[in-house]
Amino acid sequence: MTAISSGATTYIAQSVSLFDGFDGFVLPLVLKIAFVLQLFFVVPLVGGYLEHKAMGRMQHRRGPVEAGPFGVLQLVADGIKFIQKEDVIPRAADRWVFAAAPGVAMVPALLVFLVIPLGPGVFALDLELGLFYALAITSVSVLGVLMGGWASANKFSLIGGLRAGAQLIAYELPLILAAITVAVQAGTLSLVGIVEAQAGFMIPGTGINVWFVFPQIVGFGIFFISAMAELSRPPFDMPIGDSELVFGYMTEYTGIKYAMYMLTEYAGMITMSALMVVLYLGGWQLLPGVPMPGCEGAGGLFDCSPIGIALSVLVTLGKIMALVFVMVWARVAYPRLREDQLQRMSWLVLVPLSLLNLAVITVFKVVF
Amino acid sequence: MAVDPNVESSLSDDALELFVEGADWESVVDAVEDDTLTVNMGPQHPSTHGVLRLVLNLDGEVVTKLTPIIGYLHTGIEKNAEYRTWVQGTTFFTRMDYLAPLYNEAAYSLGVEQLLGIDIPKRAEVVRVILLEFNRIASHLVWLATGGMELGSTTMMTFGFREREHILDLFESQSGLRMNHAYIRPGGLAQDVTSDFVERCESLLELLPRKIADYEDLLLKNPIWNDRLRGVGIIDEQTCYEYGVTGPLLRAAGVPWDLRKAEPCLGYDEYDFEVPTETAADSFARFLVRIAEMRESMGIIRQALDRLPDGPVMVADKRIAWPSQQALGPDGIGNDPEYIRHIMGESMESLINHFKLVTQGFTVPAGQVYVPLESPRGELGYAITSTGTNKPYRVHVREPSFVNLQAADVMSRGHMVSDVVVVVASLDPVMGGVDR
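All values reported here derive from a predicted model rather than from experimental measurement. (Residues numbered from 1 in each chain as written. Chains lettered and ligands numbered in written order. Predicted model: local features only at pLDDT ≥ 70, side-chain atom pairs only at ≥ 80, totals over all residues. Heavy atoms only, no water.)

Draft legend 1. Quick look at the overall build of chain B. Looking only at helices and strands, one finds 19 helices and 8 strands in chain B. Summing over all exposed atoms, chain B offers an accessible surface of approximately 17700 Å²; the carbon and sulfur share of this is 54%. (Helix = DSSP H or I, 4+ residues; strand = E, 2+ residues; numbered from the N terminus. Areas by Shrake-Rupley, 256 points an atom, 1.4 Å probe, with all protein chains shown as cover.)

Written out as structure tokens, the structure reads:
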């Protein structure tokens, strides 16, 4: 293991972003911003379309069919509609906080895309503390939710915001504990490094390469459930809880501000899925132990030809969409939990389980 | 009489508390200091079944008091019926509990028939039973669908409404309307069932058990569905009696009280069926009871189809029976040419009879009856008073939704806001019936 982790660190030092090939400061910066923005605006829309269609099919509906071929432009049409809507601010609302809240929620979701590696070199930034950064920045989003809940001057919004806050505190802990366990096993906090560590991870005593989901299936489950709870995705959508709280913290929001909240949710689905792909499902590796065509480097994942890069990106996106699909599936299959049941599940089940998981993996890591 | 402490407190509370006004946000925040919050839920709220308004007193998220405020769907149907003939009454009462329209028609018609002292033909009786039981299934499907949706299970919503649509198709094929049929009338039925009626019923009986098994697959062992429903909204037998709660709520508390067994009309005593009961008295027990009731209803329909006799569907008495069987024209409606020829060209007496019946209607002997019927929501009773004219003197309806809704307070206290949604859903109130 030491050999692998040291190998990983040496490789990370060399791992360069696609955009580093350009000279100067401004051009790479512009390219990076464009890259992150297109990720933020395009991929969540694809995820949203997938949700509409998959959910429709499971519920004997057809989903969107009118906007564009097979309704693919439905979310774009929704966005245009939201822009046209009147921007209503309640008279009693705290105007500035009310207006700033959707932005505070959305910007962190945008910033996470900085560190998410879609393929070899296909990332805006490879931070040494990439995992730490990603987890820290996603937590900022809830601030926007709390602000919106408070500033709306609406009891339903207030309760929704408070629920969101309580939910974040409860599920941040198992989420981070599960992620730490992966970092322990990989020996690095760099997301690229974690992908590389998985490519080199063998079942002890054999030469069979597996992803971290194999030793950490419990951690994966904890991360998945916590991620859905943190995103307020059904069945954990109590902060919105349309049958109880009308629409929770979003009740008073209209038009583009509402759309920003919605986009934050879809972007959150993508970032959380991407994190799961990186942490547990081998990043852009197609199958464990199979080098990517056109790639060399550690585990056949780096130093790729353009075709190899394109294939890697497709593999990552495919895995992300598969996870999004599972989230949609959970939404279709399950009703909503109650607030106290949600808290109980976190503190009495997930937190102890993730601590146990961390202990077992650490011992495992030391022994082998 | 033993009175539940909750009953007393809910009666003695200051009526002024019912008014929740818009307030300055600062004053709302100040009011939060004593840890209680008054929240207005409805009448425009996603989960209050139409236009029910609930005023919740909350301690944190725990409900300390729930006050249902009704009247937003008041239609004045009971009063209006006093100005309409006896036959026209059917078209009004079918619009009260719009999820169980046939029950309203049947209970009203049974009352009028009792006052008239007539027996309806056997065929009409059996067709009524078939359609009533299908209506029960359709109503329970809507309950399952909306209840599921309120708990966030949108799949149950689409599934429930999908199967209900098949049942409404059957109703439409027989009465011409999906809801508010005015198909069951004093004296029998508006018209005979179509030639493919039995076939349509058979295909539904083939389809529905599979679909109900699907719902059970989706929900019965679903951990979240179990967590949300079990132990929520408990109302025990004694409290049921005190509030007059009937229907699936009473049966879920372990009382096998079903008017089809207790006071059989429409020949229900000839059918072999069980009254499903549960003992947990919570929302999950009601879910089980309603699922079981759908199965029992299908058993009744099967037996009724086997014994469906030939014959008329309206009493022979020409002073009561609507004179004409409508023929089916290319546009779906039409007159009966043979009958028109008869009254216009052959018989002056028939024309007079037609004219009198259609414009003035028949008269009903003076008297008073109360007809209870086991609707999907409980005891649906029609208290009809006649003074011997062609219009009712008074029709009072004992609506199960209205009576059961009283229990929402005692069922919700001590639970969280989320559970109020479950409680109201498990009560299955239909505001058209509550407000009338």
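Draft legend 2. Representation of the domain arrangement of chain B in the model. All names here are of chain B. What the domain assignment lists for chain B is domain 1 (5-69), domain 2 (86-315 + 364-434) and domain 3 (321-361). One C-alpha centre belongs to domain 1, the other to domain 2, and the line joining them spans 31 Å. Counting residues at the interface gives 20 residues for domain 1, matched by 21 residues for domain 2. Carbon and sulfur atoms supply 67% of the area buried between domain 1 and domain 2, which totals about 1800 Å² over both sides. Joining domain 1 to domain 2, the criterion identifies 0 salt bridges. Scanning the region where domain 1 abuts domain 2 turns up 3 residue pairs in polar contact (both at pLDDT 80 or more). Among the secondary structure elements, those contributing two or more residues to the side of domain 1 that touches domain 2 are α1 (5-12), β2 (53-59) and β3 (62-69). When its residues are assigned to classes, the side of domain 1 that touches domain 2 shows 11 nonpolar, 7 polar and 2 charged. (Domains from an automatic or database assignment. Contact = heavy atoms within 4.5 Å. Buried area = accessible area lost by both parts, 1.4 Å probe. Salt bridge = Lys/Arg side-chain N within 4 Å of Asp/Glu carboxyl O. Polar contact = N/O pair within 3.5 Å; in protein donor to acceptor, adjacent residues only side chain to side chain. Nonpolar A, V, L, I, M, F, W, Y, C, P; charged D, E, K, R; others polar.)

Draft legend 3. Local environment of the packing of helix α6 (residues 122-150) of chain B against helix α7 (residues 154-175) of chain B. Residue and element names in this part refer to chain B. Where α6 meets α7, the closest approach of the two axes is 8 Å, and the angle between their N-to-C directions is 160°. Comparing their axes, α7 and α6 come out roughly antiparallel. The element α6 and its partner α7 pack so that their crossing is left-handed. Contacts between α6 and α7 involve Leu-131, Phe-134, Asn-135, Ile-137, Ala-138, Leu-141, Val-142, Leu-144, Ala-145, Thr-146, Gly-148 and Met-149 from the former and Met-156, Met-157, Gly-160, Phe-161, Glu-163, Arg-164, Ile-167, Leu-170 and Phe-171 from the latter. (Axes fitted to C-alpha atoms, helices over the stretch in contact; angles between N-to-C directions. Parallel < 35°, antiparallel > 145°, perpendicular 65-115°, else oblique. Left-handed = near helix turned anticlockwise from the far one by under 90°.)

Draft legend 4. Broad picture of the side chain of Ser175(B). Residue and element names in this part refer to chain B. Inspection of the secondary structure puts Ser-175 in helix α7. Of note is the side chain of Ser-175, whose polar atom sits 3.0 Å from the side chain of His-181. When sequence neighbours within four positions are dropped, the list of residues in contact with Ser-175 reads His-181 and Tyr-183.

Draft legend 5. A look at the interface of chain B and chain A. Opposite the 35 residues of chain B that make contact, chain A presents 31 residues. Summing the contributions of chain B and of chain A, the shared interface buries around 2800 Å²; its carbon and sulfur component is 62%. Joining chain B to chain A, the criterion identifies 1 salt bridge. One salt bridge connects Asp419(B) with Arg338(A), and the closest N-O pair in it is separated by 3.0 Å. Of all the secondary-structure elements, those providing two or more residues to the side of chain B that touches chain A are α2 (25-31), β1 (36-41), α7, α9 (223-229) and α18 (417-427) of chain B. Here the residues of the side of chain B that touches chain A sort into 18 nonpolar, 11 polar and 6 charged.

Draft legend 6. Up close: the sheet that holds β2(B). Strand order in this open sheet of 3 strands is β1-β2-β3 (chain B), and the pairing throughout is antiparallel. Each having just a single partner strand, β1 and β3 of chain B make up the two edges of the open sheet. The sheet shows a mean angle of 20° between the axes of neighbouring strands, direction not considered. Here β1(B) pairs with β2(B) via 6 bridges, running antiparallel. Bridging across to β2(B), Asn40(B) finds its partner in Val55(B). Helix α6 (residues 155-186) of chain A rests against β1 and β2 of chain B of the sheet, and its axis sits at about 115° to β1(B). Contacting β1, β2 and β3 of chain B, α18(B) runs over the sheet at an angle of about 145° to β2(B). (Pairing = 2+ DSSP bridges.)

Draft legend 7. Region of interest: the nonpolar core. Residue and element names in this part refer to chain B. In this structure, Phe-134 and Tyr-382 are the most contacted members of the largest nonpolar core, which totals 121 residues. Sort the elements by how many residues they give to this core and α6 lands first, with 13 residues. When residues of this core are assigned to domains, at least three fall in each of domain 1 (5-69) and domain 2 (86-315 + 364-434). Not counting residues up to four positions away in its chain, the partners in contact with Phe-134 are Ile-167, Leu-170, Phe-171, Cys-201, Leu-204, Leu-205, Leu-208 and Ile-301. (Core = buried A, V, L, I, M, F, W, Y, C linked by side-chain atoms within 4.5 Å. Buried < 20%, exposed > 50% of the residue type's maximum accessible area, 1.4 Å probe, protein only.)

Draft legend 8. Up close: the confidence of the model for chain B. All names here are of chain B. Summarising the model, chain B shows a mean pLDDT of 83, and 89% of its residues fall at 70 or more. The low-confidence segment residues 1-19 (pLDDT under 50) makes 21 contacts with residues lying over four places distant or belonging to another chain. Per the prediction output, this complex has pTM 0.81; the corresponding ipTM is 0.73. (pLDDT = per-residue confidence, 0-100.)

Draft legend 9. Summary view of the state of the cysteines. The final tally for this structure, using the stated rule, is 0 disulfides over all chains. Unpaired in terms of disulfides, Cys265(B) finds its nearest cysteine sulfur in Cys201(B), a separation of 20 Å. (Disulfide = S-S within 2.5 Å.)

Draft legend 10. Focus on the pattern of salt bridges. Residue and element names in this part refer to chain B. Scanning all chains against the criterion turns up 33 salt bridges over all chains. Note that Arg-394 is salt-bridged to Glu-78, the shortest N-O span being 3.1 Å. Of this pair, Arg-394 sits in strand β8 (residues 394-398) while Glu-78 sits in helix α3 (residues 77-81), placing them 316 residues apart in sequence. A relative accessible area of 32% means that Arg-394 is categorised as partly exposed. Note that Asp-317 and Arg-319 form a salt bridge whose closest N and O atoms lie 3.1 Å from each other. Via salt bridges that share partners, Glu-133, Arg-136, Arg-251, Asp-258, Arg-260, Glu-293 and Glu-374 belong to a single interconnected network.

Draft legend 11. Geometry of the packing of aromatic side chains. All told, the structure shown has 17 aromatic pairs over all chains when counted by the stated rule. Aromatic pair Tyr171(A) and Phe236(A): ring centres 6.1 Å apart, planes at 50°, arrangement tilted. Highlighted residues: Tyr171(A) in helix α6 and Phe236(A) in the loop between α8 (217-230) and α9 (242-245), separated in sequence by 65 residues. Side by side, Tyr171(A) and Phe236(A) carry an identical accessibility label, which is buried. Relative to Phe224(A), the ring of Phe220(A) has its centre 6.3 Å away and its plane inclined at 50°; by these criteria the two rings are tilted. Residue Phe220(A) and its partner Phe224(A) are located together in helix α8, separated by 4 residues, close to a single helical turn. The pair formed by Phe220(A) and Phe224(A) is uniform in burial state, with each residue classed as buried. These aromatic residues form a ring-pair network of at least three members: Phe98(A), Tyr249(A), Tyr253(A) and Tyr261(A). Stacked on the ring of Phe284(B), the Lys or Arg Arg230(B) has its end atom at 4.0 Å from the ring centre. Over the aromatic face of Phe273(B) sits the side chain of Lys261(B), whose NZ or CZ is 4.3 Å from the ring centroid. (Phe/Tyr/Trp six-rings, centres within 6.5 Å; stacked < 30°, edge-to-face > 60°. Lys NZ or Arg CZ within 6 Å of the ring centre and 35° of its normal.)

Draft legend 12. Representation of the confidence of the model for chain A. Looking at chain A, the pLDDT average stands at 81 and 90% of residues meet or exceed 70. Predicted confidence is poor over residues 1-14 of chain A, with pLDDT under 50, and the contacts of this stretch with residues over four places away or in other chains come to 19 contacts.

Draft legend 13. Summary view of a nonpolar patch on the surface. Residues and elements named next belong to chain A. Taken together, Ile-169, Leu-173, Ile-217, Val-218, Trp-347, Leu-348, Val-349, Leu-353, Leu-356 and Val-360 make up a surface patch of nonpolar side chains, about 930 Å² in accessible area. When contributions to the nonpolar patch are tallied by element, the ones reaching two or more residues are α6, α8 and α12 (339-367). Within the secondary structure layout, Leu-173 lies in helix α6. (Patch = residues over 30% accessible without salt bridge, like charges linked within 9 Å, V, L, I, M, F, W, Y side chains within 5 Å.)

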